[in-house]
Amino acid sequence: MEKTQIVVVGSCNTDLVISVDHLPAPGETIIGYDFMTNQGGKGANQAVAVARLGGTTAFVARVGDDGFGRQSLELLKEEGIDTSHVLLTPGVATGVAMIPVDRHGENSIIVASGANALLTPQDVEAAGETLKAADIVLMQLETPVDTLIRAAQLAREGGAKVVLNPAPFPKEPLPQELLALVDIITPNETEAGMMAGVSVVDEASALQAIRNIQALGVKHVILTAGSKGAYTVADGTLANIPAVKTEVVDTTAAGDTFCGALCVALGDGKDLTEAIRFANSAAAISVTRRGAWRSIPKRGEIGN
Ligand code: ATP
Ligand code: RIB
């Protein structure tokens, strides 16, 4: 049987990470502990998760023609990812994320988009054959929305399912044109709250948020909820697929690992609930390790 082709369209960043006791308040300067330069970016993290968990993947992205960009490109290739559509962009920096991580594993992230902001609809058109040949196209919101709309159109033309991880959630509502092309959306509690106009604090509000998002035109909503796992609505009722209980070191890329794993499991023919279970298992491993790519598990580490 031919393997499922999962194409990821999105960002590639270099993460500058400092361990701290607590995340700084506005105006506060704090002294942290160690510093790490890590591979990251929501798009790249999700492509790496797909590759490590056994999926076949191509990545559509832009990096700067600088040290960070060339290093990312090399390392993506080493992961077995098809990088034919990862473009080196002269005169612009590779995306960078500054990430303090506190002693509970919680983070805040500031992204300087750099080359990610220059990924155009023409770029995804140049990858049109790859997008049309995909079974699943996975995207996030660290690249321009008009580019994602074009990618989703091409994906749909070829019959692929479109999965959107709506992170980071923008100030403006997502255009209907994009939502109409999305099969599965995976907001976390904050993103679901922003999309749905509901503050997600318990199961009743999670259900309301999912229903409101469905009313925007997306059939399948998977609301990720950190240590509570994930929620979805099956046959009109809320289902909680619990997280795997584990020690938390750093949650960076937990959501990305979840999304990559979800797509691999769907590609393997698992139903939505089973795919979420697999995604919870993979993401739970990622929170026990520091960093983004470096925290993402390989298939053999997952029990189910
Ligand atoms: P992040 O931004 O930290 O990458 P996120 O905010 O996008 O993550 P979350 O809902 O916090 O998304 O986490 C995604 C998934 O990761 C959860 O659905 C769960 O499977 C797993 N996860 C996150 N935190 C924990 C935890 N403390 N214990 C076990 N699993 C966790
Ligand atoms: O989701 C985690 C990622 O968000 C980090 O790797 C960082 O690059 C930002 O894009």
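Structure's up top.
Scope of this entry: the structure provided in the associated data block. The model shown is predicted, which means the values in this text are computed figures rather than measured ones.

1. Some details on the side chain of S72
Mapping S72 onto the fold places it in helix α2 (residues 67–78). Assessed through its relative accessible area of 0%, S72 is described here as buried. A distance of 2.9 Å separates polar atoms of two side chains, one belonging to S72 and the other to Q39. Every residue in contact with S72, bar those within four places of it in the chain, is listed here: C12, T14, Q39 and W293.

2. Comments concerning the site of ligand 2
With respect to spatial proximity, the complete set of residues near ligand 2 consists of N13, D15, G40, G41, K42, N45, A97, I109, E142, A253, D256 and A292. A distance of 3.0 Å separates an oxygen atom of ligand 2 from a polar side-chain atom of N13. The contact in question runs from an oxygen atom of ligand 2 to an N or O atom on the side chain of K42, over 2.8 Å. Notes on ligand 2: free accessible area 270 Å², of which the protein chains cover 96%. Placement of ligand 2 is best described as lying within the largest pocket. Contributions of two or more residues to the shell around ligand 2 are made by β2 (13–19) and α1 (42–52). Of the residues in the shell around ligand 2, the class split is 4 nonpolar, 4 polar and 4 charged.

3. Things to note about the environment of T14
Within the secondary structure layout, T14 lies in strand β2. Using a relative accessible area of 0% as the deciding quantity, one classes T14 as buried. Residue contacts for T14: discarding those within four places in its chain leaves T37, N38, F68, S72, T94, G95, V96 and A97.

Each value, and the rule that gives it
Throughout, a residue's number is its position along its own chain's written sequence, starting from 1. Chains and ligands are labelled by the order in which they are written, letters from A for the one and numbers from 1 for the other. Side-chain atom pairs in this predicted model are given and counted only at pLDDT of 80 or more, local residue features only at pLDDT of at least 70, and totals for whole chains, interfaces and linings cover all residues. Side-chain figures throughout are based on the complete set of non-hydrogen atoms in the structure, without hydrogens or water. For the purposes of this entry, the term helix denotes a DSSP run of H or I that reaches at least four residues, the term strand denotes a run of E that reaches at least two, and both are numbered from the N terminus. Partly exposed residues are those whose accessible area sits between 20% and 50% of the maximum for their type, while under 20% is buried and over 50% is exposed, using a 1.4 Å probe and protein chains only. Pairs of N or O atoms within 3.5 Å make up the polar contacts considered here, provided that, within protein, one atom can donate a hydrogen while the other can accept it, and that residues adjacent in sequence are counted only when both atoms are side-chain atoms. Residue contacts are defined here by distance: any two heavy atoms, one from each residue, within 4.5 Å place the two residues in contact. Here a residue counts as near a molecule or strand whenever at least one of its heavy atoms sits within 4 Å of it. Note on areas: these come from Shrake-Rupley sampling with a 1.4 Å probe, and a residue is covered only by the protein chains present in the view. Buried and open spaces are told apart on a 1 Å grid over the protein atoms alone, a cavity being a set of points where a 1.4 Å probe fits but cannot get out and a pocket being an open set with protein on both sides within 12 Å along at least five of seven lines. Residues with an atom within 4 Å of a point are the lining residues. A cavity or pocket is said to hold a molecule if more than half of that molecule's atoms lie within 2 Å of its grid points. Each residue gets one of three labels, nonpolar for Ala, Val, Leu, Ile, Met, Phe, Trp, Tyr, Cys and Pro, charged for Asp, Glu, Lys and Arg, and polar for the others, Gly among them.

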